[in-house]
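# Observations on the model geometry
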2 protein chains.
Amino acid sequence: MGTISHEVRLKARPEGVPKSSDFEVAEVEMSPLSEGQVLVQNIYMSVDPYMRGRMREDFKLGEVMDGGALGKVVESANSQFAVGDYVSHWKGWREHTISDGSDLAKVDPELAPLSAYLGILGMPGLTAYGGLLVTGELKDGESVFVSAASGAVGSLVGQIAKIKGCKVVGSAGSDAKVAHLIEAFGFDHAFNYKTANPKDEIAKALPDGIDVYFENVGGPQLEAALDHMNIRGRIALCGMISMYNNGPTIAPGPKNLSAMIYKRVMMRGFVTPDFFDVQTQFRQDMSQWMKEGKIKYQETVFEGINNAPEAFIGLFSGGNEGKMLVKLAEQ
Amino acid sequence: MGTISHEVRLKARPEGVPKSSDFEVAEVEMSPLSEGQVLVQNIYMSVDPYMRGRMREDFKLGEVMDGGALGKVVESANSQFAVGDYVSHWKGWREHTISDGSDLAKVDPELAPLSAYLGILGMPGLTAYGGLLVTGELKDGESVFVSAASGAVGSLVGQIAKIKGCKVVGSAGSDAKVAHLIEAFGFDHAFNYKTANPKDEIAKALPDGIDVYFENVGGPQLEAALDHMNIRGRIALCGMISMYNNGPTIAPGPKNLSAMIYKRVMMRGFVTPDFFDVQTQFRQDMSQWMKEGKIKYQETVFEGINNAPEAFIGLFSGGNEGKMLVKLAEQ
């Protein structure tokens, strides 16, 4: 009899904020390995805001979803992989996966904690790095505003900008997160977008305006940023989490888009695969910064496949600080 | 006694759509010339949508406004300029101006009709050329949508795109204008945005999507374009005329801005002076195209300084086809 595993399936397409009943956890039995295959037991899986978009039509109803994951080879019929090898791959939302090896990348558990390969050294890291430096065309010493700054991506954006000598302002959804941005991550200013007025906060903290806005949320914070963008400022559109869960009544966009005209603002959307060509430079820079103690990161870890839906849903209620992960097995 | 002239002053800052009472025409007496000065009699002055923005705070209340103009030297105390020279300059909204010559550029009345220097060979021409080719990064054979396509800028955008082998769709505000876009300007498709649904029209005419949207209007047409942008499409923000005249109740922005993310759309605002560095190439290309009969243009001409405010107001009611001008004197 094969290994018994569990996986999370999309049961219903979410309307508005996803809820537990949109998902179901199912038991499956893994097939025996064919020649060339390996059985991977996942140790961590990633939940990310972009998955909300994939639930609209990309993920199939009644089938297992996917996403970033980090696992260990527990059986191998492939000479390239030994039992005990750690691998990163894209078959998340499940406890085990069978692979022919072509979609697995070995990672070194000595170089960094395993979970970092799903965070600072993985997709969120590359997202922050590429979005800020490539899409945002950040120059040393500029002024940066980042929304959802205590998230996995936002907290890295702020810290990379600080390394580049920039003045950095961030927003987050609680006073504790705001304090953490300033005290732990070295932001110059931060504010609670639920209680403060974004326009006032930005005007106060960046009286000379914003050169780069790293956009994670949409809504009033985008409108506030547009009001304060500098001539030839850039808006890197990473996400608009406040607008993802809109149901039949979709929130309108910013009223002041035309401010982009005379200020010659550039706004550009991106997805992380756009930055695969700078990945080598990214890994060099990021490991160097980690070594020098210039980058800190946080994780929020849920335990067990049964809690994966709650972890995902928590992304939209601000339930996480830093990277949101689900731990599926011991290392 | 000096020459008697008339000028248009900003009497009140317009709220919403400008009205006649926001302006007043005043009589002034020109001073005698000092050494080095010339007296210019304006033959044409330009009215343009961007002036609405300048009425918000840039133009001073109770003073004469300015803008593009084309005039003739009628008195000269400057050896660089002879009586009878034609000059383009920025002292519009008035019948006469005195200059030391530093802000005057001589134009050749044999090369093109004088009014063309305020249109196809002037600012609107450079706006269309730079916005489409520089900001929009147009490549030969792409698909282009342009709103306000029967305006001075829009009709040139469409024709330049056709010269570049593109498929071109335009919108305008009357069936007659729509017919003209197709029949006279060679657009592949055009629609009346007042009676047709922009999303349906774009989907039908450009089933493979939009590569470049040349944005003149904002509102529902921007939303429709965002829905149909291709991966790595570009939106050149020239104007948002539908949003300029908003009073206390400002129209919201597009609900689907987040479509820019996964489609990696770039949106960039520009103003015409951004393209001064391609002006030589622009003049070469445009005069070549004119010579080859590849470019047509239209003008709507009001007569006399007293009608300048009406000409300007007409821009916002679709009262013009092509470049809107005011003729102030015979050539």
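On a predicted model such as this, the values are computed, not experimentally measured, just so you know.

### Some thoughts on the overall build of chain A
- Within chain A, the secondary structure is distributed over ten helices and 15 strands.
- In terms of C-alpha radius of gyration, chain A reaches 20 Å, essentially the compact-globule figure of 20 Å for 331 residues.
- Burial analysis of chain A (331 residues in total) assigns 48% to the buried set.
- Within chain A, contacts between residues at least 6 apart in sequence are counted, and of these 67% link residues at least 24 apart.

### Re the pairing of strand S11 (residues 210-215) of chain A
Residues and elements named next belong to chain A.
- Along S11, six of the six residues are buried, which leaves the element largely enclosed by surrounding structure.
- Here three bridges tie strand S8 (residues 143-146) to S11, and the two strands are oriented parallel to one another. If you follow Val-144 over to S11, its bridge partner there is Val-212.
- Remark: the S11/helix H6 (residues 220-228)/strand S12 (residues 229-237) crossover connection has right-handed handedness.

### Observations regarding the relation of the copies chain A and chain B
- Between the two copies, chain A and chain B, the superposition gives an RMSD of 0.0 Å; the rotation angle is 180 degrees and the shift along the axis is 0.0 Å. Accordingly, the operation relating the two chain copies is best matched by a two-fold axis. Across chain A, the rotation axis passes nearest the C-alpha of Gly-253 of chain A, at a separation of 2.1 Å.
- A shared interface surface links the copies, since 100% of the contact residues of chain A are contact residues in chain B too.

### Side note on the nonpolar core
- Leu-132 and Ala-225 of chain A together with Leu-132, Ala-225 and Ala-308 of chain B are the most contacted members of the largest nonpolar core, which totals 180 residues.
- What Leu-132 of chain A contacts, discounting residues up to four positions off in sequence, is Leu-138, Val-157, Ile-160, Ala-161, Val-212, Phe-214 and Ala-236 of chain A.
- Core analysis: the second largest hydrophobic core is formed by six residues, Leu-39, Val-40, Val-87 and Leu-104 of chain A among them.

### Looking at the interface of chain A and chain B
- Facing the 27 residues of chain A at the interface are 27 residues of chain B.
- Element by element, the count of residues in the side of chain A that touches chain B is highest for strand S13 (residues 266-269) of chain A, at four residues.
- Considered class by class, the residues forming the side of chain A that touches chain B number 16 nonpolar, six polar and five charged.

### Some details on the domain arrangement of chain A
All names here are of chain A.
- Domain annotation for chain A reports domain 1 (4-119 + 298-327) and domain 2 (123-276 + 283-289).
- Once you take the C-alpha centre of each, domain 1 and domain 2 turn out to be 28 Å apart.
- The element contributing the most residues to the side of domain 1 that touches domain 2 is helix H1 (residues 50-54), with three residues.
- When the residues that make up the side of domain 1 that touches domain 2 are grouped by side-chain class, the tally is five nonpolar, seven polar and four charged.

### Things to note about the packing of helix H5 (residues 198-205) of chain A against H6 of chain A
All names here are of chain A.
- Running from N to C, H5 and H6 point in directions that differ by 35 degrees, and their axes come no closer than 9 Å. At the point where H5 passes H6, the crossing takes the right-handed sense. Listed contacts from H6 to Pro-198, Lys-199, Ile-202 and Ala-203 of H5 are Pro-220, Gln-221, Ala-224, Ala-225, Asp-227 and His-228.
- Looking at the contact of H5 with H6 residue by residue, the classes come out as six nonpolar, two polar and two charged.

How each quantity is defined
Residues numbered from 1 in each chain as written. Chains lettered and ligands numbered in written order. Predicted model: local features only at pLDDT ≥ 70, side-chain atom pairs only at ≥ 80, totals over all residues. Helix = DSSP H or I, 4+ residues; strand = E, 2+ residues; numbered from the N terminus. Rg over C-alpha atoms; globule rule 2.2 N^0.38 Å. Buried ≥ 20, exposed ≤ 12 C-beta atoms within 10 Å, placed from the backbone. Contact = placed C-beta atoms within 7 Å. Pairing = 2+ DSSP bridges. Right-handed = clockwise from strand over helix to strand, strands pointing away. Least-squares fit on C-alpha atoms with pLDDT ≥ 70 in both. Core = buried A, V, L, I, M, F, W, Y, C linked by C-beta atoms within 7 Å. Nonpolar A, V, L, I, M, F, W, Y, C, P; charged D, E, K, R; others polar. Domains from an automatic or database assignment. Axes fitted to C-alpha atoms, helices over the stretch in contact; angles between N-to-C directions. Left-handed = near helix turned anticlockwise from the far one by under 90°.

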